[in-house]
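Here is how the chains run, residue by residue.
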Amino acid sequence: MCTTSNIKLMFTAMSVSKAMLCVYLLVVGSTLVADVDYQRAYGTSIIACGVWIIIAGVMTPFSSCLGLLGSKLHNKFLLLSHAVCDTIIFAIQLTFGSAVVAYTASDHKVALRQMCSLNTPLKYEDECLDYVGSDRYAGLKLVWAAAYGLAQSDAEALGRIEAWEADNKCCGFGPPERCEVVEGKIPSEFSTEGVPSAYTATRVVCGDEDSWYPSGGQQAVYCGHFFDPTLAFPTVGGCRYEMPGTRCKDKDVDYDSLGCAAAVQATYDGDMQMKGYSVMLASTFELMAIVMACCFCWKRKAHDILPAYLEQVPYDPYSVQDSKKAASSKAGESAGGEESKSGAGSGH
């Protein structure tokens, strides 16, 4: 298993695997850096995690070349350099993979988030305002608001909102017809790039009618409902849903009507966890490479090993002569003894 030829073969296979790992780390890191939705939902500090993951991806092929060349030449300096580089990459992947997962930690459990997205919560009602006023809720609302702003003129962005609504059987972002004003500004670390200014002034703004959201949107996306449509000159009081798509904006609100806030959080948290855990899991490649490099360093080189013929007891010509002399002397002694016995017999 740990023969020189086997270790060299393992280094070759590891180099191919780490080439694919390099591409994956670059993709994950670039996504965290370039996708503004992550910066809206979790804050701009997520960029640092993406940059470090990119650095790990860039270092990976350099380290693999050191390991591959070191294994071919059985060069201990190159193998140790490879082990040091992989130790650094290993630490980066564990540290920032876990940091990405840590962004998904929430003070509000899943059941509470789902219940507080309903028009009529059956429990946790006292805790719903705390959830709606949380930083995580505010960040994800920025993601929805940015998509909603684009949806006014971009069919793809509108399709994204309506896909969220259709997949999760929800409508709008917040709980339908249950708007509660939440004072306070959006945290400064959340990116508001591309978000309409109406949704960046404060956390939650309500419409003129009690528990309704502000009317908004343009043309087909416009949502504005009347206080009393039976009046001769009805007045718009707002929208029963918060930034809804065209599919559900005019639907009647029932007690079990659902907003999409909890579903959006589950989607983004799941995506972040997948990225973070996969980066941490990929660090096992670095750990195996470190062990392989150390094992190969401990193995002696071929020219440091004694040849097979030297492992045997060397030939000593003098020992052969001595053995021959000893044998002849013994033969002489035995012959002399026999002659003395025969002489004594003839005397009698």
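Preceding this paragraph is the structure being described.
Residues numbered from 1 in each chain as written. Predicted model: local features only at pLDDT ≥ 70, side-chain atom pairs only at ≥ 80, totals over all residues. Heavy atoms only, no water.

## Notes on the overall build of the chain
Counting its regular elements, the chain contains eleven helices and two strands. Overall, the chain shows an N-to-C arrangement of helices and strands of α-α-α-α-α-α-α-α-β-β-α-α-α. The proportion of buried residues among the 348 residues of the chain is 41%. Within the chain, contacts between residues at least 6 apart in sequence are counted, and of these 74% link residues at least 24 apart. Summed over its atoms, the accessible surface of the chain is roughly 18700 Å², and 61% of this surface lies on carbon and sulfur atoms. (Helix = DSSP H or I, 4+ residues; strand = E, 2+ residues; numbered from the N terminus. Buried < 20%, exposed > 50% of the residue type's maximum accessible area, 1.4 Å probe, protein only. Contact = heavy atoms within 4.5 Å. Areas by Shrake-Rupley, 256 points an atom, 1.4 Å probe, with all protein chains shown as cover.)

## Some points on helix H7 (residues 135–151)
Counted at 1.5 Å a residue, the expected span for H7 with its 17 residues is 24 Å, and the 24 Å between its end C-alpha atoms agrees. By the criterion of burial, H7 is predominantly enclosed, with 14 of the 17 residues buried. (Expected span 1.5 Å × (residues − 1).)

## Some points on the state of the cysteines
This model, assessed by the stated rule, comprises five disulfides. In this model Cys-171 forms its disulfide with Cys-248; the gap between the sulfur atoms is 1.9 Å. Between Cys-171 and Cys-248 the disulfide shows an S-S torsion of about 90 degrees. By sign, it is right-handed. Of this pair, Cys-171 sits in the loop between helix H8 (155–168) and strand E1 (225–226) while Cys-248 sits in the loop between strand E2 (236–238) and helix H9 (261–298), and the two are 77 residues apart along the sequence. The exposure class of Cys-171 is buried, given its relative accessible area of 6%. At a sulfur-sulfur separation of 2.0 Å, the disulfide partner of Cys-179 is Cys-206. (Disulfide = S-S within 2.5 Å.)

## Comments concerning a negative patch on the surface
The grouping of Asp-107, Glu-125, Asp-126, Glu-127 and Asp-130 at the surface amounts to a negative patch. Residue position: Asp-107 is located in the loop between helix H4 (76–102) and helix H5 (110–116). (Patch = residues over 30% accessible without salt bridge, like charges linked within 9 Å, V, L, I, M, F, W, Y side chains within 5 Å. Salt bridge = Lys/Arg side-chain N within 4 Å of Asp/Glu carboxyl O. Lys, Arg positive; Asp, Glu negative; His and termini not counted. Charge placed at Lys NZ, Arg CZ, Asp CG, Glu CD.)

## What about the pattern of salt bridges?
Two side chains that carry opposite charge are able to pair once their charged atoms sit near each other. Applying the stated criterion to the full structure yields eleven salt bridges. In this structure, Asp-269 engages Arg-136 in a salt bridge whose closest nitrogen and oxygen atoms are separated by 3.6 Å. With a gap of 133 residues between them, Asp-269 in helix H9 and Arg-136 in helix H7 connect regions that are remote in the sequence. Looking at Asp-269, the relative accessible area reads 6%, which means it is buried. Members of the salt-bridge network, linked through shared partners, are Lys-18, Asp-86 and Glu-286.

## Considerations on the nonpolar core
By size, the foremost hydrophobic cluster in this structure holds 59 residues, and its most contacted members are Leu-32, Ile-53, Tyr-131, Trp-144, Val-264, Tyr-268 and Met-272. With eleven residues, the single largest contributor to this core is H7. Apart from the residues lying within four places of it in its own chain, the contact partners of Tyr-131 are His-108, Leu-112, Arg-113, Cys-116, Tyr-137, Ala-261, Ala-262 and Gln-265. Judged by nonpolar contacts, the second largest core, of ten residues, contains Ile-7, Leu-79, Ala-83 and Met-292. (Core = buried A, V, L, I, M, F, W, Y, C linked by side-chain atoms within 4.5 Å.)

## Describing the layout of surface pockets
Space inside the largest pocket adds up to approximately 190 Å³. When grouped by side-chain class, the residues that make up the lining of the largest pocket number five nonpolar, one polar and seven charged. (1 Å grid on protein atoms, 1.4 Å probe; cavity = no way out; pocket = protein on both sides within 12 Å on 5 of 7 lines; lining within 4 Å. Points joined across faces, edges and corners; volume = space filled by probe spheres on them. Nonpolar A, V, L, I, M, F, W, Y, C, P; charged D, E, K, R; others polar.)

## Here we look at the packing of aromatic side chains
For the coordinates displayed, the defined rule picks out seven aromatic pairs. Here Tyr-38 and Tyr-268 contribute two aromatic rings whose centre-to-centre distance is 6.1 Å and whose plane-to-plane angle is 75 degrees, an arrangement assigned as edge-to-face. Here Tyr-38 is found in helix H2 (residues 36–42), whereas its partner Tyr-268 is found in helix H9, with 230 residues between them in sequence. Looking at Tyr-38, the relative accessible area reads 4%, which means it is buried. (Phe/Tyr/Trp six-rings, centres within 6.5 Å; stacked < 30°, edge-to-face > 60°.)

## A closer look at empty space enclosed by the protein
Scanning the entire structure with this criterion turns up two cavities of 30 Å³ or more. Taken as a whole, the largest cavity spans an internal volume of roughly 50 Å³. If you go around the largest cavity, the residues you meet are Val-132, Tyr-137, Pro-175, Arg-178, Cys-179, Glu-180, Val-204, Tyr-213 and Glu-242. Here the residues of the lining of the largest cavity are counted per class, giving six nonpolar, no polar and three charged. Of the voids in this model, the second largest cavity is the one considered here, and its volume is about 30 Å³. What lines the second largest cavity is simply Phe-11, Met-14, Ser-15, Lys-18, Ser-64, Gly-67, Leu-68 and His-82. Those elements that place two or more of their residues in the lining of the second largest cavity are helix H1 (4–34) and helix H3 (46–73). The biggest single contributor to the lining of the second largest cavity is H1, with four residues. Residues of the lining of the second largest cavity, tallied by class, amount to three nonpolar, four polar and one charged.

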